[in-house]
Amino acid sequence: MAPQELTRRLATVITHVDEIMQQEIRPLVAVDIIEQLHRQFAILSGGRGKDGAPIITFPEFVGFKHIPDEDFLNVMTYLTSIPSVEAASIGFIIVIDRRRDKWSSVKASLTRIAVAFPGNLQLIFILRPSCFLQRTFTDIGIKYYRDEFKMKVPIIMLNSVSDLHGYIERSQLTEDLGGTLEYRHSQWMNHRTAIENFALTLKTTAQMLQTFGDCLATTELPRDVPSTEVLLMSHTRQRDRLQDELKLLGKQGVMLLLCIQEPATKSPTSKLNPNELENVATIKRLLVQLDETEKAFSHFWSEHHLKLTQCLQLQRFEHNFCEVKLALDTLLAEQAEFTDIGDSAMHVEQLLKEHKELEGKGQEPLEKAQLLALIGDQLIQSHHYAVDSIRPRCVELRHLRDDFINENKKKHDILGKSLELHRQLDKVSQWCEAGIYLLASQAVDKCQSREGVDIALNDIEAFLGTEKEYELSSLKEFYNQFELMLTLDVKAKAQKVLQKLGDVQEIFHKRQMSLMKLAARQTRPVQPVAPHPESSPKWVSPKTSQLSSLAPLQKTPEAPYLETELNSLEKKDDETKSEVKDEEILESSHGGENPEPEHLGGPENLSPGRRIVHDLLETEEIYIKEIKSIIDGYIIPMDFIWLKHLIPDVLQNNKDFLFGNIRELYEFHNRTFLKELEKCIENPELLARCFLKRKEDLQIYFKYHKNLPRARAIWQECQDCAYFGVCQRQLDHNLPLFKYLRGPSQRLMKYQMLLKGLLDFESPEDLEIHPGDLDGGLAKNEPKRTKDSAFSAELQQALAMMEDLIKSCELAVDLAAVTGCPDDIGKLGKLLRHGSFNVWTVHKDRYKMKDFIRFKPSQRQIYLFERGIVFCKIRMEPSDQGLSPHYIFKKSMQLLTISIRQLGRGSNRKFEIANRNGLEKYILQAASKEIRDCWFSEISKLLMEQQNNIKVTTGHGNIGRCPSGSPERQTPSSLPLSDVYEDEDNGRQISPK
């Protein structure tokens, strides 16, 4: 409904109310003339004449002639407006009762009626005064003054009420006129007042609804969700208030109607007089107008509320659309950057993992997009006013969602095919390596007899029969099928593997031909000749390198050809690597337009800071190659079937513990850390940030060192097995495996040393000579030393981080060797010190208060942490190197629960640790006084820190703090006197309070 329609309908209601209450005839209401009505000089009793004419009665009133003309006119106007228009058009009957009055009163009444009566008169009845003299005067006066009254209606003079009954029925006359009509003036006034108040309230409410409708129509719709919600809530509250008023008004009307009808409902014989029937009709007509008002307003509100609700729905839809579209655009952008298909099976698996993470990341936005599109469809089906705006949004959401899903599926299929291709390539490489190993392991001396030749031929035929197992026949078809989607590097790798496969198959064919020729010859046996050490075959590819021999190779007439073929394969690998390296060097040389001179020379021409970074990068590459050699030379060959007999069950079952997470170390350094270190060559100031950024990733070293003691035990048990000897010879390693497994520990020490060296220069540009300095005439061309506080601070943080990592790794190694160590030992903080002590235990009986001292000391390994002390029992056990110490966890004590003191009287190597309750004490004897002093000082500082922390938390003191935010350590000499006291042996005791 339009606002104009609401205004029109409510204006009609107001007009009808005025018509019902006849406000256009008389603007008066009972409240306005309440005092005049109370005087009762004229009443509308509700009686009717025989033709239905309303009867107005002028009862006996002593001061009638003194009533002001205005009051008389107002009362007459009001009374004549009460009957319906139909009844009033018949004409009013006036009954003037002056039986106890005089002629003068009769004359005054007629005069005023003639002058001021506003209605249509039909008949006037006058009851003469009962006094004879006044009656005579009345008769004479009526005859004499009739023309003066200018009455156009008949005036009938009556002597008594019985005469009146001849004209008007007694049921239409009140009791004072001898009738039976019940009339109570106060009740009549109450009914009239209530009806008029009800009509006035209805009219006012309709006007309020008009104003409210105009306000809603002129309100501009907001453009954001919060404002629309506030506006909707505000309009709803106003509507609820008006709706409540309408309901209350309806209840009032019904109650008023029941109140007027009450006499008729209580007694079946009683009937409502015409006046009461008029009131009932009036109320019913007003209730009809109230119902019309409610319908008009409800219709308008439903449309307005729908408009606001749809506006809010549209704004929420638009807001959610922007959020979902932004999320989908971001996902599609990330998806567009996801173009790599991997260069190895491990790399592809990592890419699949990242692809799965991206898919999981997009799950929520995709669900939101689907739900939002469904919501948009519902809005369209509900005939929303903004259908033309919603429908394109839904189409766009579904399009973006389908694009992401389809592209995701496409990339997943590509990665799956790429993974299958790389696995096939790895299988082929593994088959080639195994074939080369088989050819190299065929001893020459065994091929001098027919039986040896047959065995060699059978081995070759059996090996060539494994081609189906490795699916070698389908590899070319698979490569041809996916050639268009592969990158140049993968294509080169595939071509290289296929070339290698062809070469190995050709070598096998030639070896078969040679063996067949040997079998056909009947010549004397050839004297075996031992090969030179350098002639033993090497592993062909460092990526998929396998073991090449288990026994010395004997030369046959075809052996030089085999060696030549193997060397040619190695040479091709070396040439490929050399070409790639040359291309990288060439690209790096053209990477900048104006390369600095120092970059063109060797490391000796670099600045000290850059030289350290260069050294770090070179050693990092060597470190990665060493880890890779362990993986390729020791771990991967364990899966070769032909080497299973060389691996003992203990090693096979515990190989994961022997090598730990060394693969994880390799992946981190090769794929992540090395690339970030390469960026530091041109910008050495990024080095510290590089270490700090990878602080969490470097925690893999803690995991590695935690496993190291177990790896050492496995190595000591299996180090003499033939498998390790063969692998070491094939890798040309001068040291056994476990020496290389200690490489990660040495690498951490190398990081610490290089960071310290770089920190000595304090700036990445330190000790560099600038041309401007030479032009300025610096004496003796001294280098210009720059200060970079920010760089120095980052270096200090990186060094501190590395030192903490080394300590945590040492702790991991030490605690791994402790039997029975609890899992929550890490809650004690960092390991600060550890060492061996002689310990006496003193127990105090809490009942007898006696000391039980163990006179023979026990040797204990003590670990000091930031927040506690751990006691371990030392047990010497035999090992390959003789007796070695093993530790068993005995007890841990938190620093908050202990106190310490030095022992006097010549005990310069002892100090005491006691529980706060004093029931248990430990006397510790160090190997020297210096060790005792170091331990005592360290524990004292820790206790003071604990005390200061407690004071800070309880608010009992102010503690100075270091720049890093940790409480300053205080030496025992700076302790308060209340915390240091002398004992009976002139010793001193320190304990946290």
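Starting from 1, residues in each chain are numbered consecutively following that chain's sequence as written. In keeping with the model being predicted, local features are shown solely for residues with a pLDDT of at least 70 and side-chain atom pairs are shown and tallied solely at 80 or more, while totals for entire chains, interfaces and linings include all residues. Side-chain measures were taken over the full set of non-hydrogen atoms in the model, leaving aside hydrogen atoms and water.

An unreviewed UniProt entry lists the protein under the name MCF.2 cell line derived transforming sequence-like 2, with Equus caballus as the source organism. According to UniProt, the comment filed for the protein under the heading Sequence similarities (unreviewed entry) is "Belongs to the MCF2 family." UniProt positions are given in the numbering used here, feature names are shortened, and annotations may be inferred rather than shown by experiment.

### Structural notes on the overall build of the protein
Working definition: helices are DSSP H or I runs of at least four residues, strands are E runs of at least two. Numbering for both runs from the N terminus. When helices and strands are counted, the protein shows 30 helices and 16 strands. Accessible surface is estimated by sampling points in the Shrake-Rupley manner with a 1.4 Å probe; for residues, cover comes only from the protein chains shown. As displayed, the protein has an accessible area near 53,200 Å², and 53% of this comes from carbon and sulfur atoms.

### Looking at the side chain of Ser 109
You can see Ser 109 is positioned in helix 5 (residues 103-116). You can call Ser 109 buried: its relative accessible area is 0%. Whether a residue is buried, partly exposed or exposed follows from its accessible area with a 1.4 Å probe, protein chains only, as a fraction of its type maximum: under 20%, in between, or over 50%, in that order.

### A look at the packing of helix 13 (residues 387-441) against helix 14 (residues 450-464)
Where helix 13 meets helix 14, the axes come as close as 11 Å, and the angle between the chain directions of the two elements is 180 degrees. In this view, helix 13 runs roughly antiparallel relative to helix 14, as classed from their interaxial angle. Counting all contacts with helix 13, which are made through Trp 431, Ala 434, Gly 435, Leu 438 and Leu 439, the residues of helix 14 involved are Asp 459, Ile 460, Phe 463 and Leu 464. By residue class, the composition of the contact of helix 13 with helix 14 is seven nonpolar, one polar and one charged. Axis definition: a line fitted to C-alpha atoms, limited for helices to the stretch in contact. Angles are taken between N-to-C directions and run from 0 to 180 degrees. When describing relative orientation, an angle under 35 degrees is termed roughly parallel and one over 145 degrees roughly antiparallel, while 65 to 115 degrees is termed roughly perpendicular and anything else oblique. It only takes one pair of heavy atoms within 4.5 Å for two residues to be counted as in contact. The classification used treats Ala, Val, Leu, Ile, Met, Phe, Trp, Tyr, Cys and Pro as nonpolar, Asp, Glu, Lys and Arg as charged, and all other residues, Gly among them, as polar.

### Some thoughts on the environment of Val 85
Tracing the chain through its elements places Val 85 in helix 4 (residues 85-90). Judged by relative accessible area, which is 52%, Val 85 ranks as exposed. Each C-alpha atom, one on Val 85 and one on Ile 20, is 9.8 Å from the other, the two residues being 65 residues apart in sequence.

### Focus on the pattern of salt bridges
Just to be clear on terms, a salt bridge is a Lys or Arg side-chain nitrogen sitting within 4 Å of an Asp or Glu carboxyl oxygen. Applying the stated rule across the entire model yields 35 salt bridges. Between Asp 377 and Arg 398 there is a salt bridge, with its nearest N and O atoms 2.4 Å apart. Of the two residues, Asp 377 sits in helix 12 (residues 363-381) while Arg 398 sits in helix 13, which places them 21 residues apart along the sequence. Judged by its relative accessible area of 32%, Arg 398 falls in the partly exposed class. A salt bridge links Asp 639 to Lys 655; the nearest nitrogen and oxygen atoms lie 3.3 Å apart.

### Quick look at the sheet that holds strand 2 (residues 54-58)
Strands sit in the order 1-2-3-4-5 across an open sheet of five strands; the sheet is mixed. Every other strand in the sheet has two partners, leaving strand 1 (43-48) and strand 5 (155-158) as the edge strands with one partner each. On average, each strand axis in the sheet is inclined to that of its neighbour by 25 degrees, with strand direction left out of account. Each pair of strands is called paired provided DSSP finds at least two bridges between the two strands. Looking at chain direction, strand 3 (residues 92-97) and strand 4 (residues 121-127) are connected through six bridges and run parallel. By the bridge assignment for strand 4, Asp 97 is matched with Leu 127. Where helix 3 (residues 69-80) meets the sheet, its contacts fall on strand 1, strand 2 and strand 3, and the angle it forms with strand 2 comes to roughly 155 degrees.

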